[in-house]
Amino acid sequence: MIEPVLNLEIPPASPVEESHTQLSIEFTGSGSEYFRIWIVNLLLLMVTFGIYYPWAKVRRLRYFYGNTVVGGEPMGFHADPTKLLKGYLLVGLLFMLYSAAGQFSPMAGFVAFLIVAAIWPALLKSSMQFRMANTSWRGLRFAFRGSLGDAYRAVLPLFIPSFVIVGALTQVSDPEKPPLWYVQTVGVVGLASLAVLPWLLWNLKQYQHNHYALASLQTTFKATLGSFYKLFFKVLGVTMLPLLLPIGLAGGTVYAMKTSGTLTRSSTGTLIMIAVLSFLAAMVVMMVLVKPYATSRFQNLVWTRTGNASLRFVSQLRFGSLLWLTLKNWLLVVLTLGLYWPFAAVAMARMRLQAVMVKTRVSPDTLLSQARAVEGDAAGEAGGDLFGLDIGF
């Protein structure tokens, strides 16, 4: 699905831009329709012990893509589930070999890690090719034109900390009782990994959004690394803000009790209870608040900075609206014991997709005679899912 991200100021439109064709994006799906697909997928997954997953995924994507209407024309998804199944089996085999090697010895685990790390960027590239080649609009297939070398460069910030940690592990004689220096190394590398996270995200988005193509049109990505770090610190601030609540409440309670002369040893239990409840409340507020804020800002940033001389995207996803929808979805999912989840997914897709529009100076009709995309390797799509990356369109 389209993944919109951060709201940046867009330069005022020039007289030439005012004549552009504006393609709105609408989502026509309904919760009741998707509920039937979701419940059947769920039952078949349980009956087949998960083997049905590729078919379930294709059914889900076909529904969401088919109900995504761009400029009055629906998109399409054409993947073959059997190809996905082969890909999942291949990647699952690699994962099992890696796990078995780690049980055999630290060195064997390190070698297996190197092999998986060497393959992973190729799976990332293949996944993007497969997803885009099986996505269409008005009968025209999309394409992904990123190179393998670009894929390796994109994931470089992820590899460096991993190699340091696994390399240090090979120097530990007993992995179950690691020495202090190894624990310290892992801690330092973990903090360093957090610091390079915006760099990694920027690299991945640059790799993706520089290589989307439809016929002769190919997108470019103009967001800067600085804009990703700026957003990162904003999200970090929003994350930390609720945690100040228990500190402030506990401090204020102690001050009020001390001023009134009611602060005694017997009141310690009350203070501890207040602190614990305040901390739990802060965690709930943080979980509810942070994701909508990060999602809206990140979507607007990424898609508003994607385009080229002939075409550009504009995303205007509002944090307040997304926060309210998130609260509503959470409440109804809890009250219905999870049965509202398909309705929540449809509502979320509609809000995020309809916050995006496409402005183009190329008539859509001129694209219909262009070359079709070439289908990629289905194993890459499986790799993207297994490693937890949402690298879809």
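Scoring rules and cut-offs
- Residues numbered from 1 in each chain as written.
- Predicted model: local features only at pLDDT ≥ 70, side-chain atom pairs only at ≥ 80, totals over all residues.
- Heavy atoms only, no water.
- Phe/Tyr/Trp six-rings, centres within 6.5 Å; stacked < 30°, edge-to-face > 60°.
- Helix = DSSP H or I, 4+ residues; strand = E, 2+ residues; numbered from the N terminus.
- Buried < 20%, exposed > 50% of the residue type's maximum accessible area, 1.4 Å probe, protein only.
- Axes fitted to C-alpha atoms, helices over the stretch in contact; angles between N-to-C directions.
- Parallel < 35°, antiparallel > 145°, perpendicular 65-115°, else oblique.
- Contact = heavy atoms within 4.5 Å.
- Nonpolar A, V, L, I, M, F, W, Y, C, P; charged D, E, K, R; others polar.
- Pairing = 2+ DSSP bridges.
- Salt bridge = Lys/Arg side-chain N within 4 Å of Asp/Glu carboxyl O.
- Expected span 1.5 Å × (residues − 1).
- Bend = angle between axes of the 7 residues up to and from the residue.
- Polar contact = N/O pair within 3.5 Å; in protein donor to acceptor, adjacent residues only side chain to side chain.
- Patch = residues over 30% accessible without salt bridge, like charges linked within 9 Å, V, L, I, M, F, W, Y side chains within 5 Å.
- Areas by Shrake-Rupley, 256 points an atom, 1.4 Å probe, with all protein chains shown as cover.

Section: the packing of aromatic side chains
Link 1 in the chain: For the structure on display, the rule yields 20 aromatic pairs.
Link 2 in the chain: Residues W303 and F313 carry aromatic rings whose centres are separated by 4.8 Å and whose planes lie at 65° to one another, so their mutual orientation is edge-to-face. Highlighted residues: W303 in helix α10 (residues 268-304) and F313 in strand β10 (residues 311-315), separated in sequence by 10 residues.
Link 3 in the chain: Classification of W303 as buried rests on a relative accessible area of 1%.
Link 4 in the chain: Pairing Y340 with F343 gives two aromatic rings, centres 5.5 Å apart and planes at 15°, and the pair type is stacked.

Re unusual backbone geometry
Note on backbone geometry: most residues besides glycine have negative phi, and most peptide bonds are trans.
Link 1 in the chain: Even without being glycine, F49 reaches a positive phi, approximately 55°.
Link 2 in the chain: Position of F49 relative to the elements: it lies in the loop between α1 (31-47) and α2 (53-66).
Link 3 in the chain: Positive phi, close to 55°, is recorded for R138, a residue that is not glycine.
Link 4 in the chain: Following the sequence through the fold, R138 ends up in the loop between β4 (135-137) and β5 (140-144).
Link 5 in the chain: You can call R138 partly exposed: its relative accessible area is 28%.

Brief notes about the packing of α1 against α2
Link 1 in the chain: The N-to-C vectors of α1 and α2 enclose an angle of 175°; their axes lie 9 Å apart at closest approach. In terms of their interaxial angle, α1 and α2 are classed as roughly antiparallel. Contacts between α1 and α2 involve E33, Y34, I37, V40, N41 and L45 from the first element and Y53, A56, R59, R60, Y63 and F64 from the second.
Link 2 in the chain: Tallied by class, the residues present in the contact of α1 with α2 amount to 8 nonpolar, 1 polar and 3 charged.

Describing the packing of helix α11 (residues 319-335) against helix α12 (residues 341-354)
Link 1 in the chain: Taken N-terminus to C-terminus, the directions of α11 and α12 make an angle of 170°; their axes are 9 Å apart at the nearest point. Considering the angle they form, α11 stands roughly antiparallel to α12. Residues S321, L322, L325, T326, N329 and V333 of α11 form the contact with α12, whose participating residues are W341, A344, A347, M348 and M351.
Link 2 in the chain: By residue class, the composition of the contact of α11 with α12 is 8 nonpolar, 3 polar and no charged.

A look at the pairing of strand β1 (residues 21-27)
Link 1 in the chain: When β1 meets strand β11 (residues 356-360), the two strands line up antiparallel, connected through 4 bridges. The partner of Q22 across the bridge, within β11, is K359.

A look at the environment of L353
Link 1 in the chain: With respect to the helices, strands and loops of the structure, L353 is situated in helix α12.
Link 2 in the chain: The exposure class assigned to L353 is buried, which follows from its relative accessible area of 2%.
Link 3 in the chain: On a C-alpha basis, the gap between L353 and I25 in space is 6.3 Å, while along the polypeptide they are 328 residues apart.

Let's talk about the pattern of salt bridges
Link 1 in the chain: Applying the stated criterion to the full structure yields 1 salt bridge.
Link 2 in the chain: A salt bridge links D150 to R153, with the shortest nitrogen-to-oxygen separation between them at 2.4 Å. Highlighted residues: D150 and R153, both in helix α5 (residues 148-154), separated by 3 residues, approximately one helical turn.
Link 3 in the chain: Residue D150 is classed as partly exposed on the basis of its relative accessible area, which comes to 25%.
Link 4 in the chain: According to the relative accessible area criterion, R153 is exposed, its value standing at 53%.

Some points on α2
Link 1 in the chain: For α2, built from 14 residues, the straight-helix expectation of 20 Å at 1.5 Å per residue is met to within 8% by its first-to-last C-alpha distance of 19 Å.
Link 2 in the chain: When α2 is considered as a whole, its buried residues turn out to be P54, A56, K57, V58, L61, Y63, F64 and Y65.

Remarks on helix α7 (residues 180-209)
Link 1 in the chain: Look at α7: 43 Å from first C-alpha to last across 30 residues, which is about the 44 Å you get at 1.5 Å a residue.
Link 2 in the chain: Of all the bends in α7, the largest measures some 45° and sits at V196, one to four residues before the proline P198.
Link 3 in the chain: If you check which residues of α7 are buried, you get Y182, V189, P198, L200, W202, N203, L204, K205, Y207, Q208 and H209.

A closer look at the pairing of strand β3 (residues 73-77)
Link 1 in the chain: Where strand β2 (residues 68-70) meets β3, 2 bridges bridge the pair, whose relative direction is antiparallel. Counted as the bridge partner of V70 is E73 from β3.

A few points about the side chain of Q299
Link 1 in the chain: Counting through the fold element by element, Q299 comes out in helix α10.
Link 2 in the chain: Side-chain polar atoms of Q299 contact the side chain of S315, separated by 3.3 Å.
Link 3 in the chain: A distance of 2.9 Å separates the side chain of Q299 from the side chain of R352, its partner in a polar contact.

Notes on a nonpolar patch on the surface
Link 1 in the chain: Taken together, L93, F95, M96, L97 and Y98 make up a surface patch of nonpolar side chains, about 510 Å² in accessible area.
Link 2 in the chain: In this fold, M96 is placed in helix α3 (residues 81-104).
Link 3 in the chain: Judged by its relative accessible area of 53%, M96 is exposed.

Scope: geometric values only; no functional claims are made or implied.
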